[in-house]
Amino acid sequence: MKLILLGAPGAGKGTVAKLLTAIDGSVQISTGDILRGAVQSGTDLGREAEGYMKRGDLVPDALIMGIMEKRLQEPDCEKGFLLDGFPRTIPQAEALRELLARLDITLDMAVNIDVPREIILDRLCTRRTCENSDCQAIYNVKSNPPREEGVCDKCGSPVVQREDETEEAISHRLATYNEKTAPLIGFYEKEGLLLTIEAVNSEAVVNGVREKLGL
Ligand code: ADP
Ligand code: ZN
C-alpha cells in the first residue's frame, strides 16, 4: 500500500504505520525518526534541523524534500510505503505530488487520523521514547510503560521524554499543526484521496484502512 498518514502529533500515526507494515511489508517512512537519527549522529542535516525541532517548529521544506526525494527511490519502497509525518505543509504536499508523478508512483490514499484534542494532549505529556535512534520505540507512562522503568524492552537503551515534549513545546507543535498541516485535509479531499477515520484506537484505524483497500 502507498499511503500518507495525516493527523495531529500524538494521533498515533507511528503506531498505525507499524501495524500496517505487518500486513503487506510496506515500509514506514517517518521524517521525525529520520531527523532525530540525523541529530543524534551529528550529520550536516542533523545540525541544520536541531534548533527547529527543539522549539517544536517545522524544519524548512527544502531540507525535508531533499530527504524524501532520496528515500522514496530506495528499493524497499517498491512494496509500498506509509508516510508518517510527511507532508506537513501545503508546499510539501505540492512538491510530493510532483515528485511522485516524476517517479511514476500512484498513492492509494491519505488517511486522516482524527483524535479529540483532550486525548492528544494527555498522550503527548505521558509519552516516552527510546533514546536509541535505531529503535525509537514508543511507550506511555500510564497505558504502556516499559517492563523496567526507564529501560527499553526492545533494546535496553534509556527511555526518555523527548525534548520537544515539554508542555510548552507540545502546545507550540499543536498550534503549528493547526496552522500549517491541518489544511492538508482539504488538499487531499480535493485530490479525491482522503479517508478520515475517527480513531478510538489504532486497531480501528488499521481496520478502516484494510476495509477501504480490500486487504
Ligand atoms: P510528531 O508527529 O509527534 O510531532 P515527528 O516525530 O513527526 O513528531 O516530528 C518531530 C519534529 O521533526 C517536528 O516537530 C518537526 O520539527 C520535524 N519534522 C518532522 N517531519 C517534518 C516535516 N515533514 N516537515 C517539517 N518538519 C518536520
Ligand atoms: Zn529501544
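Scroll up to find the structure.
Predicted, not measured: the structure shown is a model, and the values here were computed from it.

In this section: the sheet that holds strand β2 (residues 27-30). Spatially, the five strands line up as an open sheet ordered β2-β3-β1-β4-β8, and their pairing is parallel. Since the sheet does not close on itself, it has two edges, and those belong to β2 and β8 (194-198), each with one partner. Neighbouring strand axes in the sheet, compared pairwise and without regard to direction, differ in orientation by 20 degrees on average. Taken together, the four bridges between strand β1 (residues 2-6) and strand β4 (residues 109-114) define a ladder with parallel strand orientation.

A word on the site of ligand 1. Not every one of the 18 residues close to ligand 1 is listed here, only the nearest: T31, D57, Q92, R127 and R173. Contacts to ligand 1 include K13, whose side-chain N or O atom sits 3.4 Å from an oxygen atom. Take G85: an N or O atom from its main chain is 2.9 Å from a nitrogen atom of ligand 1. When isolated, ligand 1 has an accessible area of 550 Å², and the protein chains bury 96% of it. With four residues, helix α2 (residues 31-41) is the largest single contributor of residues to the shell around ligand 1. Residues of the shell around ligand 1, tallied by class, amount to seven nonpolar, four polar and seven charged.

Here we take up the side chain of T31. Mapped onto the secondary structure, T31 falls in helix α2. Assessed through its relative accessible area of 3%, T31 is described here as buried. There is a polar contact of 3.0 Å between the side chain of T31 and the backbone oxygen of G85. Leave out the neighbours within four places in its chain, and T31 touches I64, M68, D84, G85 and F86.

Cut-offs used in this document
- Residues numbered from 1 in each chain as written.
- Chains lettered and ligands numbered in written order.
- Predicted model: local features only at pLDDT ≥ 70, side-chain atom pairs only at ≥ 80, totals over all residues.
- Heavy atoms only, no water.
- Pairing = 2+ DSSP bridges.
- Helix = DSSP H or I, 4+ residues; strand = E, 2+ residues; numbered from the N terminus.
- Axes fitted to C-alpha atoms, helices over the stretch in contact; angles between N-to-C directions.
- Near = heavy atom within 4 Å.
- Polar contact = N/O pair within 3.5 Å; in protein donor to acceptor, adjacent residues only side chain to side chain.
- Areas by Shrake-Rupley, 256 points an atom, 1.4 Å probe, with all protein chains shown as cover.
- Nonpolar A, V, L, I, M, F, W, Y, C, P; charged D, E, K, R; others polar.
- Buried < 20%, exposed > 50% of the residue type's maximum accessible area, 1.4 Å probe, protein only.
- Contact = heavy atoms within 4.5 Å.

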